[in-house]
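Descriptive structure summary
Here are the chains, one letter per residue:
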Amino acid sequence: MGVSSEQASFGRYLQAIRVEKRISLDQVAEETRITVRNLEAIDREDPQGLPPVAFLKGFLRAYAKAVGADGDEAVRRYDEYRMMTRATEDVGRQPERARSGMRWKLVAALALLFVLIVGSILVWQWVSPPHIETAPIAADPGVVSPEPPPADSAQNRPAPLPTLKPAPPAAPPHILTVSATENTWLKVVTDQGIPAEYNLKAGEHLKLEARSTFNLLIGNAGGVKLNLNNKPVNVPGKRGEVVNLHLP
């Protein structure tokens with residue numbers, strides 16, 4: 001019995017093919033090196049249990065390969081699922097946005113009223129200043145006024161300006177070179193930024209630069225060689241395995 005492409009989303013799609021072929025989650029976990037908990041979250045399409053988006057598409061491709069499904073189809077279904085989820089969340093947030101807009105309008109009206117009241121008080125004080133009569137104080141001939149200190153005294157000298165120390169030089173960036181010995185796909189998150197995905201063929205090379213870290217998801221552990229800052233990096237795993245590395 002086949003699986004209809006119109007009746008199942010990404011998790012149900014993979015689960016249906018796996019069950020149809022009588023493949024257990026433990027077998028998929030052993031082949032892909034993905035935890036059973038993550039595989040169960042994919043089957044249930046549980047948004048709380050799914051791995052980060054930066055790695056989820058790689059997990060879907062590995063899952064699909066293990067059960068003989070189409071990895072591109074699984075990723076396409078996941079993209080549609082994300083679009084539908086975002087649209088539903090936007091509709092649910094519209095009443096809250098309306099209430100937030102009313103609160104901001106009320107705060108702005110109160111602020112404007114406060115400014116008008118304070119401005120009126122200041123204008124009234126400026127137009128009608130208080131009249132205070134003062135009598136001159138006669139000088140006491142028996143009291144000698146102290147002479148002002150000379151202009152060049154230590155008390156009148158300005159304080160010296162602090163000496164600014166030059167900023168330390170920035171640390172050199174990390175350089176990562178990826179050499180493909182076999183065809184493989186690769187997902188890279190540089191400095192906790194936006195993930196980038198590459199499909200490398202045998203003989204191709206990729207040079208990456210980061211200020212702090214690299215987070216790699218490799219689709220074929222035995223098909224790549226890594227070199228970080230001119231030093232080789234050991235890639236754990238065998239040919240065809242999906243591995244995750246955090247460098248340095």
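The structure displayed is predicted, hence computed values, not measured ones.

What counts and what doesn't
- Residues numbered from 1 in each chain as written.
- Predicted model: local features only at pLDDT ≥ 70, side-chain atom pairs only at ≥ 80, totals over all residues.
- Heavy atoms only, no water.
- Helix = DSSP H or I, 4+ residues; strand = E, 2+ residues; numbered from the N terminus.
- Buried < 20%, exposed > 50% of the residue type's maximum accessible area, 1.4 Å probe, protein only.
- Contact = heavy atoms within 4.5 Å.
- Areas by Shrake-Rupley, 256 points an atom, 1.4 Å probe, with all protein chains shown as cover.
- Patch = residues over 30% accessible without salt bridge, like charges linked within 9 Å, V, L, I, M, F, W, Y side chains within 5 Å.
- Salt bridge = Lys/Arg side-chain N within 4 Å of Asp/Glu carboxyl O.
- Core = buried A, V, L, I, M, F, W, Y, C linked by side-chain atoms within 4.5 Å.
- Pairing = 2+ DSSP bridges.
- Axes fitted to C-alpha atoms, helices over the stretch in contact; angles between N-to-C directions.
- Arc of directions from axis to C-beta.
- Lys, Arg positive; Asp, Glu negative; His and termini not counted.
- Charge placed at Lys NZ, Arg CZ, Asp CG, Glu CD.
- pLDDT = per-residue confidence, 0-100.

Comments concerning the overall build of the protein
Scanning the protein for helices and strands turns up five helices and eight strands. In the protein, which comprises 248 residues, the share counted as buried stands at 30%. Counting contacts in the protein only where the partners sit at least 6 residues apart, residues at least 24 apart contribute 59% of the total. Counting every atom, the protein has about 17,900 Å² of accessible surface; 59% of that belongs to carbon and sulfur.

Considerations on a nonpolar patch on the surface
Together, Phe114, Val115, Val118 and Leu122 make up an exposed nonpolar region whose accessible area comes to about 390 Å². Structurally, the position occupied by Phe114 is in helix 5 (residues 71–127). Overall, Phe114 belongs to the exposed group, its relative accessible area being 56%.

Here we look at the nonpolar core
Soluble globular proteins tend to pack their nonpolar side chains together in the buried interior. Ranked by size, the top nonpolar core spans 30 residues in total, and within it Phe10, Leu14, Leu39, Ile42, Leu60, Tyr63 and Ala69 carry the most contacts. Elements supplying a minimum of two residues to this core: helix 1 (10–20), helix 2 (25–32), helix 3 (36–44), helix 4 (53–67), helix 5 and strand 2 (184–190). With 10 residues, the top contributor of residues to this core is helix 4. Once you skip the residues sitting within four places of it in the chain, Ile42 turns out to touch Phe10, Gly11, Leu14, Leu50, Leu56, Phe59, Leu60 and Tyr63. With 20 residues, the next largest nonpolar core counts Val188, Leu216, Val224 and Leu245 among its residues.

Here we look at the sheet that holds strand 7 (residues 231–233)
In space, the four strands of this open sheet follow the order 4-1-6-7, with antiparallel pairing throughout. In the strand order of this sheet, the two ends are held by strand 4 (205–210) and strand 7, each with one partner. Direction aside, neighbouring strands of the sheet carry axes that sit 25 degrees apart on average. Of the pairings in the sheet, the one linking strand 6 (residues 224–228) to strand 7 comprises three bridges and is antiparallel in character. Bridging from a neighbouring strand, Leu226 pairs with Val233 of strand 7.

Thoughts on the sheet that holds strand 8 (residues 243–247)
Read from one edge to the other, the open sheet built from four strands follows the order 3-2-5-8, with strand pairing classed as antiparallel. In this open sheet, the two strands that pair with only one neighbour each are strand 3 (196–200) and strand 8. Each strand of the sheet is rotated relative to its neighbour by a mean of 20 degrees, with strand direction disregarded. Sheet topology places strand 2 next to strand 5 (residues 214–218); five bridges connect them, and they run antiparallel. Bridged to Val188 within strand 5 is Leu216. In the packing of helix 4 onto the sheet, contacts are made with strand 2, strand 3, strand 5 and strand 8, and the angle to strand 2 comes to roughly 170 degrees.

Here's the deal with helix 1
Among the residues of helix 1, Phe10, Gly11, Tyr13, Leu14, Ile17 and Arg18 are the ones counted as buried. On an axial view of helix 1, the arc spanned by its buried residues comes to 165 degrees, and they lie on one face. Once helix 1 ends, the next one or two residues include Arg22, with phi positive near 60 degrees.

Describing a negative patch on the surface
Together, Asp26, Glu30, Glu31 and Glu40 make up a region of like negative charge exposed at the surface. Per-element tally for the negative patch: the top contributor is helix 2, with three residues. Locating Glu40 in the fold gives a position in helix 3. Accessibility expressed as a relative area gives 33% for Glu40, which makes it partly exposed.

A few points about the confidence of the model for the protein
As a note on interpretation, predicted positions should not be read in detail where pLDDT is low. When pLDDT is averaged across the protein, the result is 82; 76% of the residues are at 70 or more. A low-confidence stretch, residues 1–7 (pLDDT under 50), is modelled with 10 contacts involving residues beyond four sequence positions or located in other chains.

Remarks on the side chain of Glu241
Relative to the helices and strands, Glu241 resides in the loop between strand 7 and strand 8. A residue is classified by how much of its surface remains accessible, and Glu241, at 10% relative accessible area, is buried.

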